[in-house]
Amino acid sequence: MELMIEDVLEQLVEMGGSDVHIQAGAPIYFRISGHLQPFGDEPLTPHESQKLIFSMLNNKQRKELEQNWELDSSYGVKGLARFRLNVYKERGCWAACMRALSSKIPNFDMLGLPDIVREMSERPRGMVLVTGQTGSGKTTTMAAMLDLINRTRAEHVLTVEDPIEYVFPNIKSLFHQRQKGEDTKSFSNALKGALRQDPDVILVGEMRDIETISLAVSAAETGHLVFGTLHTNSAAGTIDRILDVFPPEQQGQIRAQMSQSLLAVFSQCLVPKHNPKPGEFGRCMAQEIMIVTPAIANLIRDGKTSQMYSSIQTGMKMGMQTMEQALAEHVKSGKVAFEDALAKSGKPDELGRLVGGAAMKAKR
């Protein structure tokens, strides 16, 4: 019986998986609760893998793929889910990775996000950055923040994404969602136009190049609430990454702008749960939270990012926490194993100190 892509995706959703990998010469792989496992035993032939992948593409997408050998897109199965799709060549054959996008927009209660994240969503202007590695739940966190705005405020929300992941209905807010490659040629082009489109809230799916970052910071300075993402693992690393995009002669200016417009940085990761209950999501989120207080703003302005960690450590009354503090709380509550928390920590000695000797002895 011929394998259809809809059958594969339906099985992924039923198993609670997040990703599908399609490759010639290997079986299909699912990622479930952060771990890869094969779906079946039979390896795909090059013809079978190409047929599965091309069944998700229209003629325009196939032409683009054959010209560029790379393609970012999305694919939806009615009544099931939408998926983020990346197609590429591997050893001369077509391969693909797909990520399941929930059709249900996440909310604060579902995710258990800290109150300070809700508070940042309620600010009228400024910049909020959500950072982390691929697959750390950045899009999910930002979707929950936009959902809160949508249910509580009458705002014009403009998003620029690659691709669009969650489709928002207009509840109290008016949403315009633009996809790179289909609705706009670049993030920077979309942001230039955004400032003439009367937005109150702007979401920038990727902040990578100097023009996009400059426009996003300017939008936050001029009275808009701006959300953005970066692939960084800490608050201090996020500031450094933004500054490193700019030439040395412009870094003083961008530091001054960031110190005035940045509200918060949420750097997050997903950690496997320790003995999850049947039907329960197999990972929990840990967040490093940096709120830009006057002291933090001074560190940004003066380029002293190395001192931010200690400022976050002592800022718990304002809702701040380091990644190690967040991971330690999960270990103490029994949600995650110490070894799994350790794998996500950039400061293992600090995590061990916070957890206490019992966990260190258990590890040995």
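Now for a description of the structure that goes with this document. All of these numbers come straight from a predicted model, not from anything done at the bench.

## Side note on the pairing of strand E5 (residues 81-90)
Move 1: Bridge analysis of strand E4 (residues 70-77) against E5 gives eight bridges, and the strand direction is antiparallel. Bridge pairing in E5 links Tyr75 to Phe83.
Move 2: The turn joining E4 and E5, which pair antiparallel and follow one another in sequence, is formed by three residues; a positive phi near 80° is taken by Gly79.
Move 3: Summarising the sheet, E5 and strand E6 (residues 93-101) pair through nine bridges and their orientation is antiparallel. The residue bridging Asn86 from the neighbouring strand is Cys97, located in E6.

## Focus: the sheet that holds strand E9 (residues 174-179)
Move 1: Within the open sheet, the seven strands sit side by side as E9-E8-E10-E11-E7-E12-E13. Their pairing is mixed. Only two strands of the sheet have a single partner each, and these edge strands are E9 and strand E13 (283-291). Pairwise comparison of adjacent strand axes, ignoring direction, gives a mean angle of 15° for this sheet.
Move 2: In this sheet, strand E11 (residues 225-230) lies alongside strand E7 (residues 126-131) in parallel orientation, the contact comprising six bridges. Its bridge partner being in E11, Gly126 is matched across the sheet by Leu225.

Cut-offs and rules
Each chain carries its own residue numbering, running from 1 in the direction its sequence is written. Side-chain atom pairs in this predicted model are given and counted only at pLDDT of 80 or more, local residue features only at pLDDT of at least 70, and totals for whole chains, interfaces and linings cover all residues. Heavy atoms throughout the structure, all of them, feed into the side-chain values; hydrogens and water do not. Pairing between strands requires that DSSP locate at least two bridges from one strand to the other. For the purposes of this entry, the term helix denotes a DSSP run of H or I that reaches at least four residues, the term strand denotes a run of E that reaches at least two, and both are numbered from the N terminus. Lines fitted to C-alpha atoms define the axes here, with helix axes fitted over just the stretch in contact, and angles between the N-to-C directions of these axes take values from 0 to 180 degrees.

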